[in-house]
Each structure stands twice: as C-alpha cells, then as structure tokens.
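Topology and contacts: notes
Read off the chains here:
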Amino acid sequence: IPSIDVVSTNDPTTCGGTDGEIEFNQLESNTIYSVSYSDDGTPVGPVDITTINGGVLFLVGLDAGVYTDITLSLLGCDSTPIDVTLSDPTPPTAGLSSSDADNTICAGESVTFTGTGGDQYEFLIGASVVQALSTDATYDTAGLTNGQIVTVRVVNTTTGCDVTSGGIVTTVNALPTAGLSSSDADNTICSGESVTFTGSGGDQYEFLIGASVVQAL
C-alpha cells in the first residue's frame, strides 16, 4: 500500500493563479501512480503521474482550494486519503480617505479621495467606475450629489490580488438661492443719498462693493 508523505505545498503565486503544487515523497522512483482527489468537492482523476528519481511525485497546475481525499494507487493498492489546502496570496488592505474631514460639502465643492494599500487604483461611485484602473491613487471631483458613495478597488499587480474598500458617503448640501434688492427702485441716486441693500435666501450675509467686503458675514 503506498504511503503518502507530503513534503511541501506551494501556494499559487497570484490570486486566481494555477501554479500551486503539492509534492509527495518516499515513493517508488520512476513509477506511475494513479492519483485521484476532490478539488473543492469536484472529483478529479484518476490521472497517471510518474515519480522522478528519489521517489518524488508532483501534483501541479493547482489553484487555491481545499483538496480532499487525495489518494495514490499502485498495483491496485490505495494509500490512506489525505487533505491539503492551498491559498491565494494575501490580498491588499484597501484604504480610502477624503479631503473633507466631516464628509459634508456644498454642491459644486471639490473633494479629493485618496486610496492606499496597492499600486493600482480604480475609483467608483456606486457601481459605476469614475476613474479607470491606474497608478493614480487620487480622484478629484466637484460633481458629487447628496448621498453618493465613493469606493476604491485596490490592486497589487505583483500578486494580481484586489480588494474594494469600504465606502465614503458624502452629504452634499444645496447652495442657497441668493437674492439682492435695493431700496432705490431704479438704482439711480444723487451723490450722498442713502441706499439700503437687502439680501435674501440665507441666514448669514456678507456685502461687497467690487471685490472688497464692506459688511462682514
């Protein structure tokens, strides 16, 4: 009866990759073994694999998953089944921050979102991509509407692993409708004549003549 000795496992080097392998030792050299197993519950094999010198057998081309009931058969005799787990590389840790500390802005105000944790970034509002995957870790916008959620998909290009950050919800307050009236109906006065200007639409007011503030907020 073949005896399985798992010398080592090599996890896939990329997320979704198929270069993982399981190495078995202390078998007959240059001998064909019939190998069967289940890959995440899906039966595979039997397949014939020949050991190399030293009695080593390699099960290659594997993705991340749980390999159960691995059995080696030789001359009608089956080994005791074993289980092995292969894992994808650790995904990046996605971070997302906003240039607006309290995530509350006025309509039309510009905000910069910054992603961290990878070397490529893709920004989304809701389910829609608003800035395609690139090395640019920032996204600038002045077009947010109330309640929109910004997220960033962070990619590690070495491992191919990616993860999407939690979302930032921005409250966007509508701009007031500014009104201004003059006590002089035709806006024509004599020098030195008094005029009263009245603002409307808000709860605080700042008056200017040209670019100069003449009555503070």
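See the structure printed just above.
Here's a quick rundown of the structure. (Residues numbered from 1 in each chain as written. Predicted model: local features only at pLDDT ≥ 70, side-chain atom pairs only at ≥ 80, totals over all residues. Heavy atoms only, no water.)

Some words on the overall build of the chain
Along the chain, the regular secondary structure elements total zero helices and 22 strands. What you see for the chain is a C-alpha radius of gyration of 34 Å, clearly larger than the 17 Å of a compact globule of 217 residues, by over 25%. Judged by the C-alpha coordinates and their principal axes, the chain covers about 115 × 25 × 20 Å. Among the 217 residues that make up the chain, the fraction classed as buried is 30%. In the chain, the proportion of contacts linking residues at least 24 apart, taken out of those at least 6 apart, comes to 52%. In the form shown here, the chain has an accessible surface area of approximately 12,400 Å², with 50% of it arising from carbon and sulfur atoms. (Helix = DSSP H or I, 4+ residues; strand = E, 2+ residues; numbered from the N terminus. Rg over C-alpha atoms; globule rule 2.2 N^0.38 Å. Buried < 20%, exposed > 50% of the residue type's maximum accessible area, 1.4 Å probe, protein only. Contact = heavy atoms within 4.5 Å. Areas by Shrake-Rupley, 256 points an atom, 1.4 Å probe, with all protein chains shown as cover.)

A few points about the pattern of salt bridges
Between side chains of opposite charge, pairing is possible as soon as their charged atoms come close. Tallied over the full model, the rule gives two salt bridges. In this structure, the salt-bridge partner of Glu 122 is Arg 153, at a minimum N-O distance of 2.9 Å. Residue Glu 122 is located in strand S12 (residues 120-125), and its partner Arg 153 is located in strand S15 (residues 149-156); the two are separated by 31 residues in the primary sequence. Using a relative accessible area of 14% as the deciding quantity, one classes Glu 122 as buried. Residue classification places Arg 153 among the partly exposed residues on the basis of a relative accessible area of 22%. Among the ionic pairs, Arg 153 bridges to Asp 162, the shortest N-O distance being 3.4 Å. A network of salt bridges, in which partner residues are shared, links Glu 122, Arg 153 and Asp 162. (Salt bridge = Lys/Arg side-chain N within 4 Å of Asp/Glu carboxyl O.)

Considering the state of the cysteines
For the coordinates displayed, the defined rule picks out one disulfide. The partner cysteine of Cys 15 in its disulfide is Cys 161, sulfur to sulfur 1.8 Å. Residues Cys 15 and Cys 161 share a disulfide whose torsion about the S-S bond is about 90 degrees; that sign makes it right-handed. Of this pair, Cys 15 sits in the loop between strand S1 (5-10) and strand S2 (20-25) while Cys 161 sits in strand S16 (residues 161-164); the two residues are 146 residues apart in sequence, bridging distant segments of the chain. Cys 15 gets classed as partly exposed once you look at its relative accessible area, which sits at 27%. (Disulfide = S-S within 2.5 Å.)

Overview of the sheet that holds strand S11 (residues 111-116)
Spatial ordering of the open sheet is given by S9-S11-S14, a layout of three strands whose pairing is antiparallel. Edge positions in the sheet fall to strand S9 (95-98) and strand S14 (138-141), since each of these pairs with one other strand and no more. Neighbour to neighbour, the strand axes of the sheet diverge by 15 degrees on average, direction disregarded. Sheet analysis places S11 next to S14, joined by four bridges and oriented antiparallel. The residue bridging Phe 113 from the neighbouring strand is Tyr 139, located in S14. (Pairing = 2+ DSSP bridges. Axes fitted to C-alpha atoms, helices over the stretch in contact; angles between N-to-C directions.)

Concerning the packing of aromatic side chains
Within the structure shown, the criterion is met by three aromatic pairs. Ring pairs connect the aromatic residues Phe 113, Phe 123 and Tyr 139, which therefore count as one cluster. (Phe/Tyr/Trp six-rings, centres within 6.5 Å; stacked < 30°, edge-to-face > 60°.)

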